[in-house]
Amino acid sequence: MADLLDGMLRAFWLVVTLDSDLVEITLRSLRVTLTALAIAAAIALPLAAMLSVRRFRMRRVTIAVLNALMGLPPVVVGLIVYVFLSRSGPLGVMGLLFTPMAMIIAQVIIIVPLVASIAHQSLRELWSDYHDLLISMNATQVQRVKALLWDGRRALLTAALAGFGRAIGEVGAIMVVGGNIDHATRVLTTAIALETGKGDFAMALGLGFVLIAMAIAVNLAIHWLGHTESEGRW
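What counts, and at which threshold
Here the residue index of a chain counts from 1 through its sequence in written order. Two thresholds apply to this predicted model, a pLDDT of at least 70 for residue-level local features and 80 or more for giving and counting side-chain atom pairs, whereas whole-chain, interface and lining totals are computed over all residues. Based on all heavy atoms of the structure, the side-chain values leave hydrogens and waters out of the count. Cavity: a set of points on a 1 Å grid over the protein atoms alone where a 1.4 Å probe fits but cannot get out. Pocket: an open set with protein on both sides within 12 Å along at least five of seven lines, its lining residues, like those of a cavity, having an atom within 4 Å of a point. Grid points are joined across faces, edges and corners, and a volume is the space filled by probe spheres set on the points. Each helix is a run of H or I in the DSSP string that is no shorter than four residues. Each strand is a run of E no shorter than two, and both are numbered from the N terminus. Structural elements are reduced to axes, namely lines fitted to C-alpha atoms, with helices fitted over the stretch in contact, and the angle between N-to-C directions of any two is expressed from 0 to 180 degrees. Throughout, a crossing is termed right-handed when the near helix is turned clockwise from the far one, and left-handed when it is turned anticlockwise from it by less than a right angle. Note on residue categories: nonpolar means Ala, Val, Leu, Ile, Met, Phe, Trp, Tyr, Cys or Pro, charged means Asp, Glu, Lys or Arg, and polar means any other residue, Gly included.

Enquirer: Is there a simple way to explain the layout of surface pockets in this structure?
Expert: In this approach a probe as big as a water molecule rolls over the atoms, and the regions it shows empty are the leftover space. In this structure, the largest pocket spans a volume of roughly 200 Å³. Lining of the largest pocket is provided by 14 residues; of these, D21, I25, R186, E195 and M203 occupy positions nearest its centre. Contributions of two or more residues to the lining of the largest pocket are made by α2 (20-53), α9 (188-198) and α10 (201-226).

Enquirer: Which parts of the structure should I look at to understand the packing of α2 against helix α5 (residues 100-136)?
Expert: Two measures define how a pair of helices packs: the angle their axes make with one another and the distance between the axes. Packing of α2 against α5 leaves a shortest axis separation of 6 Å and a crossing angle of 35°. Relative to α5, the crossing made by α2 is right-handed. Class assignment of the residues belonging to the contact of α2 with α5 gives a composition of 24 nonpolar, five polar and one charged.

Enquirer: Looking at this structure, I do not really get empty space enclosed by the protein. What am I missing?
Expert: Scanning the model with the defined rule gives two cavities of 30 Å³ or more in all. Counted as a void, the largest cavity has a volume near 60 Å³. Looking at the largest cavity, it is lined by 13 residues, and the ones nearest its centre are T33, Q107, I168, V187 and T189. At the level of elements, α2, α5, α7 (153-168) and α9 are the ones that each hand at least two residues to the lining of the largest cavity. At three residues, the largest contribution of residues to the lining of the largest cavity is made by α2. A class-by-class count of the residues in the lining of the largest cavity yields eight nonpolar, four polar and one charged.

Pasting the structure below:
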């Protein structure tokens, strides 16, 4: 209990004093996670819409694979990315290992199946309502996808937030491909793991509270910017 109280006081002090290390780590965490989320959303959302409106031979298999990959162990993703980006790997010449870009790549691989699966569940129901209308209007596949993405934007926002929550709390894959290098690849989750390993539980709890507060703040900001609760908006 004393560690918990000390951690809360440490977190409050770190935030109030705008500790330079905390600000650097927090900004890096946000930059990596939001970049990964933007890339993952650009891949997953159109894919989810396409799976809803188009019928093709491997459609059921693709959906099953996406659902299965939602439970993909992050540390395994980190290991695979590490192998590809290591010096002996096929992408080793790019020099991306132990850089924020490697962390972004790992996070994208982790959250694409999650965002795509959640978005597909919502867009599939929306497509059942819009199917007859869009068919009667002779809309093209691209127009159907655009219509679903626009009218289903609230559900897609929820899917994106789920991806953000998964990415911001990731530690295994990030540790493997990023290396937890100070002033380079250290983020909040890896910093918490480091401080816990050092036995500084108060500092680890402080960083944990900051991570929770940041995740809540980003979620509230996205909801506010999207006006998800405004009457008549959706």
